[in-house]
Amino acid sequence: MVGVIFKHEVRMLLRKRLLWWLLPMVVMLTLLVSIVHWQQQESFRQTQSHWQQVNNELWQAQPDRHPHRVAHYGSLAFRQASPLSFLDAGINPYTGNALFLEAHKQNSAGLQQFSISAGHMALGYLSVATVVLVLWPLLLIALGFSSVSDERESGRLRFLVPLGVNARSLLAGKSLAYLALSVLFLVALFALALGFVVMSDWPDRSDAALRLLLMFVLYTAYCAVWSVLIVGLSRWARTNTQSLISLVLLWLALIVLIPKGLPWVAQQLYPVPDRASFEIRLDKMLAQVGDAHDPADPHFSAFREQVLSRYGVKRIEDLPVNWNGLVMAEGERITSEVFQTHYAEVQTVAARQERLRKMAAVVSPYLLASHLSQVLSGSDLHSFYRFEQQAEDYRYQLIQTLNQLHTDTIARDSDREQRLAHRHWQEIPLFHHQPESWRQVSSETYAWAAAGLLWLWLLPALVLGWLGRRVNPCAG
Amino acid sequence: MRGLIFEFKLLWRSVMARWLLLAYIVITLLAAGFGSQRLHQEEVARQQVQAHFNEQLRHWQARGEDVSPGYMAYYLKVPAAFSPSPWVGLVRGERDERPTQLRVGLLAVQGQIYEGELTNHSLLPLGVLDAAFVWIYLLPLLVGVLCVNCLAGERESGRWPMLASQVSAARLLCGRLGVHFALLLLLSMLLFVVASAISGVAFDGLWLKVLGLLCIYQLFWYAVVTAIVVMQLGSLKNTLAYVGIWLTLGFLVPGMAYLSQMEPQDLNNDIGLMVKQRQTMNDSWDRDKAADLQAFLQSYPEWSDTSPMEGRFDWKWYYAMQQQSDAVVAELAGNYRQRRVQLADEVQVWRWWSPMLNLQFALRAVAQTDAAAHQGYLDQLVSWHNEMRAFWYPYFFLDKPFEVGATSDLPAFDYQHPVSAGIAKTIQQISLLIVLLVVCTGLVPARRRMVPVRSRPLA
């Protein structure tokens, strides 16, 4: 029964002129968007790799100099965007991609990928993911709004009852037809994406291919949810017009209004401090701790006692190592600790906002799907935090290595005039951003995926259960 | 007149119309409320930063004779806020994407102004539901849902033969659309007044211009509805056509505008800016300091009446090198600025293709929440930094005796809102589109325009 209805619905679908208008337009748009994004992405990756190399060369070409000067000279760390960000750009247009690593200071990532802001696309950033998550449901609505309501309006529904058509199989069959159309579109899309992946020269293509497969499953599930929603609402509506308008309003509510209202509510309930306020908090904390550039600073007196007793001497001048270097190392340790603590607090607030998003995702499948899509394409917030953490860990190691050199190899007398041979920093390993593999996605993601499965199970159950009640042949 | 009252009653009877109008009111007020709350949050943060700065200044001043101007200038960071106009409560725009409050010290300005904002980036792609979004994107949908089937509905429900005997289609259409337009316009104006009051926007000439702009914009969508209704497509096709137009103008055209400008930043320029500024400063520690200072004094002869540098370190050399590191990247910074301004100009051509984009640009220009405004903020920062240098340099170069109390006169940053322009142009552009639509509507063949008496459209 379901199969018969499915075949019939597909046949009716293929006869619609609207399909042959809309589908080519959407396909062309998707092609255009994916190719442009792909080109920009590859160009950006290449330029970044080039500059990472230039930066490394500049670092290693430094002449003999004082290690603290080297620590201030610093190094650039570039964030390699995930190879699938041409499908879902996620937060990439909004974040910086280069971090300057230097002593005493944690900089913010600058250098956005595009000079133009994405802010003028108020209905959604134009990427392949948006075409699938925002535009495709509208196409399904345009094709499927009349699937059951037309039967009712034209009176055909009452003829189906004596034929033994079960309402549930009617709904199931029709939903499957729209799902089939979506799957066809997604297969073509992901075949193209796979082609890009195979043709590229990325180091970890198997990871990218696996992520592609997971994204395909995600998008199919999303389209399944919308197919069921559309057919369900079409069943509920009494006329075609009512069905179309309710579906458009539903699309508006789920994909535009709720996601757009979320940042307001999140910032209201769990406000993330702005950069200036954050820096002031750090300054206040550090003012209590002291200044590493000033070895006579009183707050370092306890540290001084500790060091003197460790080396078993009475005066700084008798230390076998350079006291200035030890002070630098201690100062660096303190500033890093203070920064990490406060930044972790900011990330906690952001995590609370994300939890709010998870709650809103119960109502809006778009929020759920867009988050998971970003996670899978590696353009979500956590991948950015990971980059920042990797860069900060590297920076800390780098600066402390240089401070160690300062301590061990520079004499305290006429400290600033001494120079160290450049081979020392040529031996320090260079920064290399390690994007996470799909296995390393956080456990949070599994919670999201579980929520998604719940949607996928609950919604059809609801629709088929409630709306799939016996068709009243008189009322239709 | 009776006919108009009748039309109003007909509209009011529709449950969906009432719910939609209610939703429109609620969403607009919520959006305005959220916008003004956000402004309030920003104001509190600004006050906290200013209070911290005042406290720091007092702390330095309390140290009295002990204070070295070099150290004080090194540590003291002056708050420089991109203070919002009240319009930001209505048009949030791109304000959340970049820092709106920087703390700038005497060090090289090109190393301080390109910070990223601390924010939950994953919420940025979702955009903001500000009052401007409601008026630009949601109001047209409201117009469409209420009006686009006004004639088709009559035909399909079978009331048309009776109506056609009493009144011509044109008169019915004008009456009905006229009532809808007047009601919605009144409601929107009221909401605009209330939202402006919530945000604290001044009811001045600019406000009137924006009001005029919103009216013309609504008129545009009614012109679209008229054009669709006249085509006699039937209610389903009417709705689909209208939603299609809304989507094209609101989603596709802005997307195309973005794609056309999507080229990666001139990385060579921008990374070069980052790297060269820092390198110049850091390398100077290992170079001939006296010679570098001389080179600086040749470029800035107003400070050349200074004693020669003594010893390994002198604050005047340090700040001279900070300025030199800025001067060295002046061209690169200029290129960055030029490119941003150019991109903001080039995208303007897309305004012709979509009144939604047009209105969005116009409103963001009024509220100073677009990229051009941010670049203006950076420009003002750079010129204020020059004033700050003019304050501190005499203590280093001209051996002016330093009295810590004098730092109360440190030049404060006060963001100057530029005079808003371009609304008249937007009004003209949209009016032109309306005229175009009316002409196209008039050109629809007469036999198409005649509403047939049969009640149900063929498929």
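Residues numbered from 1 in each chain as written. Chains lettered and ligands numbered in written order. Predicted model: local features only at pLDDT ≥ 70, side-chain atom pairs only at ≥ 80, totals over all residues. Heavy atoms only, no water.

For chain B, the average pLDDT comes to 88, and 96% of its residues sit at 70 or higher. Here the complex is predicted with pTM 0.92, and the ipTM for its interfaces comes to 0.91. (pLDDT = per-residue confidence, 0-100.)

In this section: helix α2 (residues 15–62) of chain B. Between its first and last C-alpha atoms α2 of chain B spans 70 Å; for 48 residues at 1.5 Å apiece the expected length is 70 Å, and the two agree. Looking one or two residues past α2 of chain B, glycine 64 of chain B carries a phi angle of roughly 65°, positive in sign. (Helix = DSSP H or I, 4+ residues; strand = E, 2+ residues; numbered from the N terminus. Expected span 1.5 Å × (residues − 1).)

Residues and elements named next belong to chain A. Tracing the sequence through the fold places leucine 456 in helix α16 (residues 443–467). Between the C-alpha atom of leucine 456 and that of alanine 221, which follows or precedes it by 235 residues, the distance is 6.8 Å. Not counting the four nearest positions on each side in its chain, leucine 456 is found in contact with Ala221, Ala224 and Val225. (Contact = heavy atoms within 4.5 Å.)

Residues and elements named next belong to chain B. Relative to the 18 Å expected for 13 residues at 1.5 Å per residue, helix α14 (residues 355–367) spans 18 Å between its end C-alpha atoms, a close match to the ideal helical length. For α14, the tally of buried residues reaches 12 of 13 residues, placing the bulk of the element in the interior. Where α14 is concerned, the buried positions are Pro355, Met356, Leu357, Asn358, Leu359, Gln360, Phe361, Ala362, Leu363, Arg364, Val366 and Ala367. Elements in contact with the buried residues of α14: α4 (131–147), α8 (205–230), α9 (235–261) and α16 (423–443). Just past α14, the residue glutamine 368 takes up positive phi, approximately 60°. (Buried < 20%, exposed > 50% of the residue type's maximum accessible area, 1.4 Å probe, protein only.)

Once that is clear, we can look at the packing of aromatic side chains. Residues and elements named next belong to chain B. Under the definition given, this model contains 60 aromatic pairs over all chains. Taking the centre distance of 5.0 Å and the plane angle of 90° together, the rings of tyrosine 74 and tyrosine 75 count as edge-to-face. Here the aromatic rings of tyrosine 74 and tryptophan 315 are separated by 6.3 Å at their centres, their planes lie at 50°, and the arrangement is tilted. Here tyrosine 74 is found in helix α3 (residues 69–75), whereas its partner tryptophan 315 is found in helix α12 (residues 315–328), with 241 residues between them in sequence. (Phe/Tyr/Trp six-rings, centres within 6.5 Å; stacked < 30°, edge-to-face > 60°.)

Right, let's get into the interface of chain A and chain B. A common measure of how large an interface is: the accessible area buried when the components associate. Listed by partner, the interface residues are 102 residues for chain A and 84 residues for chain B. Across the chain A/chain B interface, buried area totals approximately 8,600 Å², and carbon plus sulfur atoms make up 67% of it. Of all residues in chain A, Tyr94, His120 and Trp264 of chain A give up the largest surface area on contact with chain B, accounting jointly for 11% of the area buried on that side. Here chain A and chain B share eight salt bridges between them. Between arginine 312 of chain B and glutamate 417 of chain A there is a salt bridge, with its nearest N and O atoms 3.6 Å apart. At the boundary of chain A and chain B, one finds 24 residue pairs in polar contact (both at pLDDT 80 or more). The leading source of residues in the side of chain A that touches chain B is helix α9 (residues 240–269) of chain A, at 20 residues. In terms of residue class, the side of chain A that touches chain B is built from 57 nonpolar, 27 polar and 18 charged. (Buried area = accessible area lost by both parts, 1.4 Å probe. Salt bridge = Lys/Arg side-chain N within 4 Å of Asp/Glu carboxyl O. Polar contact = N/O pair within 3.5 Å; in protein donor to acceptor, adjacent residues only side chain to side chain. Nonpolar A, V, L, I, M, F, W, Y, C, P; charged D, E, K, R; others polar.)

Turning our eyes to something else, we now look at the pairing of strand β2 (residues 96–102) of chain A. Residues and elements named next belong to chain A. Most of β2 is tucked away, with seven of its seven residues classed as buried. Where β2 and strand β4 (residues 110–112) come together, two bridges link them in antiparallel fashion. Directly across from glycine 96, in β4, lies its bridge partner glutamine 112. Across two bridges, the pairing between β2 and strand β3 (residues 105–106) is antiparallel. Looking across to β3, one finds that leucine 101 is bridged to glutamine 106. In sequence, β2 turns back onto β3 through a hairpin of two residues, with histidine 104 there showing a positive phi of about 70°. (Pairing = 2+ DSSP bridges.)

The subject of this paragraph is the pairing of strand β1 (residues 78–81) of chain B. Residues and elements named next belong to chain B. Neither face of β1 is exposed, since Val78 and Ala80 on one face and Pro79 and Ala81 on the opposite face are all buried. Examined bridge by bridge, β1 and strand β2 (residues 101–104) share four bridges and lie antiparallel to one another. Its bridge partner being in β2, alanine 80 is matched across the sheet by leucine 102.

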